[in-house]
Structure formats: structure tokens, C-alpha cells
Amino acid sequence: PRRDIWVTTKLWDDDHGYEATLKACKRSLAELGAGIDYLDLYLIHSPNTGKLVETWDALVELRRQGLVRSIGVSNFNTQHLQALAEHGRELPVVNQMEMHPLVHKERMPVLQYCLENQILVQAYGSMFFGDKGWFKDRVVQDVVGAHLGKTAAQVLLRWGLQMGFALIPKSTHQNRIREN
């Protein structure tokens, strides 16, 4: 049954703007096929076009129409979230962004803003997008070495969970999926 699966998709940059966003959501639903008549989460992929408020208003309208249950953003920084607030708009429920220990410090302002405004941070790239070169970083190796019997991926995922992030671990390998 539909209620047993969670469907998230993103609005791409070239579909920003009020009318374009409404059309893009309907197109996404059609492409997902029969049985998918609403999205559980619809995200603005990035703030790159500058049409933040009108695009956001379209997501709110899609939720009002029942085509979307929850609305959020991806790759938004503090100033983008503040722009919504300054225009009197509700804030997103989710801000999806690259998040791992090596970018944590530089992302502190947006993380703090999300925390203060009850915006869930959904982390992607938590395992450096599978780039094994980062697993050799001295800091990563020192932390992993302090957790005997655990892989770098397990330590990174645990860090993300302990930080309160919703994680999106990705793997195509069955053994890594079980391990994660």
C-alpha cells in the first residue's frame, strides 16, 4: 500500500517560480506512475535562481491541494531561510544538505538557525559520497581508531545520528547496506 512507502523528490532549479513549480510537481507525480498521487516530501533543490519566495509559495499551495504532505529545502544557507521568514512565510520542515565532520564547523550558522527554528537537518554525503580518499584523512583515521571494531562509515553515521541529523546513507553493495 502507498502508506507503506515514503516518496521524496526535488524541484530542480529550472522549474523555480510559482506556475513552473506547480507544473513540475504534477509532472513528477505523473512520472512516478500509478499509485503515487501525492509526495511525502517535496524539496526545493537549491536557492540558485533567486525566486525563493514565489517558489516557496507554490510548495505551500501544493501542500494545501494535498499533492504534497511536507515541504522543505535543500542546500539552503541561513540567508535563504531568513529571506522566507522576512517575507512572513512559514519555514521548511527539512533542510537537506551535505553534512559530515569535515564541513560541520563551516555550517554551524545554518545548523544553529535550523535548530532554533525546528528545521530538521537531513544529511547527505555523510560518508564523503563514497570517496575513500577522505577515509584516509588523519582526523577521520584518529576518530575511527578510537572506535575499535567499527568501520569509518559506521563511525561517520553514528556521529550524524548523535548530532541529531536525519541521515541518507547510500550504497549499492548489500554488505555495506547491512553494515550501515
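The notes below deal with the structure included here. (Residues numbered from 1 in each chain as written. Predicted model: local features only at pLDDT ≥ 70, side-chain atom pairs only at ≥ 80, totals over all residues. Heavy atoms only, no water.)

## Here's the deal with the pattern of salt bridges
Now for step 1: This model, assessed by the stated rule, comprises five salt bridges.
Now for step 2: Between D57 and R89 there is a salt bridge, with the nearest N and O atoms lying 2.6 Å from each other. Taken together, the positions of D57 in helix α2 (residues 52-64) and R89 in the loop between α3 (78-86) and β4 (94-98) put the pair 32 residues apart, joining distant regions of the chain.
Now for step 3: Overall, the relative accessible area of 28% leaves R89 in the partly exposed class.
Now for step 4: We note a salt bridge from E61 to R64, for which the minimum N-O separation is 2.6 Å. Of this pair, E61 and R64 are both found in helix α2, three residues apart, which corresponds to roughly one turn of the helix.
Now for step 5: For R64, a relative accessible area of 60% corresponds to the exposed category. (Salt bridge = Lys/Arg side-chain N within 4 Å of Asp/Glu carboxyl O. Helix = DSSP H or I, 4+ residues; strand = E, 2+ residues; numbered from the N terminus. Buried < 20%, exposed > 50% of the residue type's maximum accessible area, 1.4 Å probe, protein only.)

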